[in-house]
Amino acid sequence: MNQEARLPRNAKEGALYGAIISTLTVLFMSSINIIFGVGEFNGEVALTILKVFPIIWVIVMIIEPVVIGRIAEKLTAIFTEPTDSFNAKILFRILFTVLGMSFCMTFIGDIIGNGLSSQTFNHFLANWPRNFLIALFAESILIQPFARFVMVKLHASQDKKKSSAVGVTIHGLSEQNS
């Protein structure tokens, strides 16, 4: 069976893949939004980023697989054909995931940072297009390719271990038959 080496093959790998993407995206987007909100980067801003990072990360790790990821998968299936390339399917998946996650997290991030107020909707309208474009670029060019690179390396290591274990077994059998 020919499995795709660039994607997770089981739930454990899926969790690793998701954690890599979520960690990098949350760190990147939280940093950008906090720096834009404050207007500068200093020690206090860095501390704020570190404080909100775990909260945002947990929210993302719940929302993406439970809601947004499922919707993105369904939309990707609608807009692609089984014969479409891996890259076409991945780009659609990234587009739909970033669309949903940037929408949700722009709103949630503003509530975490500023509380729920009459300005929340105005902040959303001002910030979401920027967040969507930045996240789409970062996911497409940096974050997702890095996560797929990790999967390729992980699978190569696993395949090497399997082939050496098979080689030892075959070698051991041929010695017993001599």
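Provided above is the structure to which this section pertains.
Below or above, wherever it landed, is the structure these notes cover. (Residues numbered from 1 in each chain as written. Predicted model: local features only at pLDDT ≥ 70, side-chain atom pairs only at ≥ 80, totals over all residues. Heavy atoms only, no water.)

When helices and strands are tallied, the chain shows 4 helices and 0 strands. Taken against the 2.2 N^0.38 rule, which gives 16 Å for 178 residues, the C-alpha radius of gyration of the chain at 21 Å runs more than 25% over that of a compact globule. Judged by the C-alpha coordinates and their principal axes, the chain covers about 80 × 40 × 25 Å. Per-residue burial over the chain gives 28% buried out of 178 residues. The contacts of the chain with a sequence gap of at least 6 include a subset with a gap of at least 24, amounting to 72%. (Helix = DSSP H or I, 4+ residues; strand = E, 2+ residues; numbered from the N terminus. Rg over C-alpha atoms; globule rule 2.2 N^0.38 Å. Buried < 20%, exposed > 50% of the residue type's maximum accessible area, 1.4 Å probe, protein only. Contact = heavy atoms within 4.5 Å.)

Attention shifts here to the packing of aromatic side chains. For the structure shown, the criterion picks out 7 aromatic pairs. Arranged with centres 6.1 Å apart and planes meeting at 15 degrees, the rings of Phe79 and Phe92 form a pair that is stacked. Residue Phe79 is found in helix α2 (residues 43–79), and its partner Phe92 is found in helix α3 (residues 86–114); the two are separated by 13 residues along the sequence. For Phe92, a relative accessible area of 29% puts it in the partly exposed group. Judged by centre distance (4.9 Å) and plane angle (80 degrees), the ring pair of Phe103 and Phe124 falls under edge-to-face. (Phe/Tyr/Trp six-rings, centres within 6.5 Å; stacked < 30°, edge-to-face > 60°.)

A word on the side chain of Ser22. Checked against the element boundaries, Ser22 lands in helix α1 (residues 11–38). Look at Ser22 and you get buried, because its relative accessible area is 7%. What Ser22 contacts, discounting residues up to four positions off in sequence, is Trp57, Val60 and Met61.

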